[in-house]
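Here is what each chain is made of, one letter per residue.
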Amino acid sequence: LFYLVGKYTVPGSKNTPAVPLDVAVSPRPAKEMFVDLPSGHKMPMMGLGLCCRPSAYDYVSVRNSVLWFLLQGGRLLDGAQLYLNHDAIGEGIKDAI
């Protein structure tokens, strides 16, 4: 559990590769599907889950996964403070914008 605090790595986990500097930002998918929420807002049906696999607790892998997903037009990140990877998620978002 000690490696879940700060910029952590999980021994033996397979990391998401780094995003090349020349990757162009993609638009949202042309036929993106949404679900209607009770509030009247719409939520994308496709998202990136950020829990429940060894790489979900590896700082570099989470950051790279979020960055790749956002640069490819994704918009829904499924995360929770309980997953203890919110710092890496925030870093990926920051790098994407």
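Heads up: these notes are all about the structure in this document.

Cut-offs and rules
- Throughout, a residue's number is its position along its own chain's written sequence, starting from 1.
- The predicted nature of this model means local features are confined to residues of pLDDT at least 70 and side-chain atom pairs, given and counted, to a pLDDT of 80 or more, with totals for whole chains, interfaces and linings taken over all residues.
- Side-chain measures were taken over the full set of non-hydrogen atoms in the model, leaving aside hydrogen atoms and water.
- Secondary structure elements follow DSSP: runs of H or I of four or more residues count as helices, runs of E of two or more count as strands, with numbering from the N terminus.
- The buried label goes to any residue with under 20% of its type's maximum accessible area, the exposed label to any with over 50%, and the partly exposed label to all in between, with areas taken from a 1.4 Å probe on protein chains only.
- Contacts are assigned to residue pairs with any non-hydrogen atoms lying within 4.5 Å of each other.
- All accessibility values rest on the Shrake-Rupley procedure with a 1.4 Å probe; residue burial counts only the protein chains present in the view.
- Salt bridge, as applied in this entry: a Lys or Arg side-chain nitrogen positioned within 4 Å of an Asp or Glu carboxyl oxygen.
- Note that a disulfide, as used here, is simply two cysteine sulfur atoms within 2.5 Å.
- Only the stretch in contact is used when fitting a helix axis, every axis being a line fitted to C-alpha atoms; angles between N-to-C directions are given from 0 to 180 degrees.
- In this scheme the crossing of two helices becomes right-handed for a clockwise turn of the near helix relative to the far one and left-handed for an anticlockwise turn of less than a right angle.
- Under the convention adopted here, Pro, Cys and the residues Ala, Val, Leu, Ile, Met, Phe, Trp and Tyr are nonpolar, Asp, Glu, Lys and Arg are charged, and Gly plus all remaining residues are polar.
- Buried Ala, Val, Leu, Ile, Met, Phe, Trp, Tyr and Cys residues form a nonpolar core when they are joined through side-chain atoms within 4.5 Å.

## Observations concerning the overall build of the chain
Then, in step 1: Broken down by element type, the chain carries two helices and four strands.
Then, in step 2: Written out in order from the N terminus, the α and β elements of the chain read β-β-β-α-β-α.
Then, in step 3: A buried classification covers 30% of the 97 residues belonging to the chain.
Then, in step 4: Across the chain, every contact between residues at least 6 apart in sequence was considered, and the portion connecting residues at least 24 apart equals 66%.
Then, in step 5: If you sum the accessible surface of the chain, you get close to 6500 Å²; carbon and sulfur atoms cover 63% of it.

## Thoughts on the pattern of salt bridges
Side-chain pairs of opposite charge can arise where the charged atoms are in close proximity.
Then, in step 1: By the definition in use, this model includes four salt bridges.
Then, in step 2: A salt bridge links Glu32 to Arg28, with the shortest nitrogen-to-oxygen separation between them at 2.9 Å.
Then, in step 3: Exposure remark for Glu32: the relative accessible area of 21% places this residue in the partly exposed category.
Then, in step 4: The partner of Arg63 in a salt bridge is Asp95, and the shortest N-O contact between them spans 2.6 Å. Here the residue Arg63 occupies a position in helix H1 (residues 59-71), and Asp95 occupies one in helix H2 (residues 86-96), the gap between them amounting to 32 residues.
Then, in step 5: Judged by relative accessible area, Asp95 falls into the partly exposed class, the value being 32%.

## Re the state of the cysteines
In a disulfide, the sulfur atoms of two cysteines are held together by a covalent bond.
Then, in step 1: Taken as a whole and assessed by the stated rule, the structure comprises one disulfide.
Then, in step 2: With a sulfur-sulfur separation of 2.5 Å, Cys51 is cross-linked through a disulfide to Cys52. The S-S bond linking Cys51 to Cys52 shows a torsion near 65°; that makes this disulfide right-handed.
Then, in step 3: Accessibility expressed as a relative area gives 17% for Cys51, which makes it buried.

## With respect to the packing of H1 against H2
Then, in step 1: Running from N to C, H1 and H2 point in directions that differ by 40°, and their axes come no closer than 8 Å. Crossing handedness for the pair H1 and H2: right-handed. Note on element contacts: H2 touches H1 through Asp87, Ala88, Ile89, Glu91, Gly92, Ile93, Asp95 and Ala96, opposite Tyr59, Val62, Arg63, Val66, Leu67, Leu70 and Leu71.
Then, in step 2: Partitioned by chemical class, the residues of the contact of H1 with H2 number 10 nonpolar, one polar and four charged.

## Some thoughts on the nonpolar core
Then, in step 1: Listed in full, the nine residues of the largest apolar core are Leu48, Leu50, Tyr59, Val62, Val66, Phe69, Leu70, Ala88 and Ile89.
Then, in step 2: The biggest single contributor to this core is H1, with five residues.
Then, in step 3: Excluding anything up to four places from it in sequence, Phe69 contacts Met46, Gly47, Leu48, Gly74, Arg75, Leu76 and Leu77.

Fair warning: the whole summary comes from geometry, so function is off the table for now.
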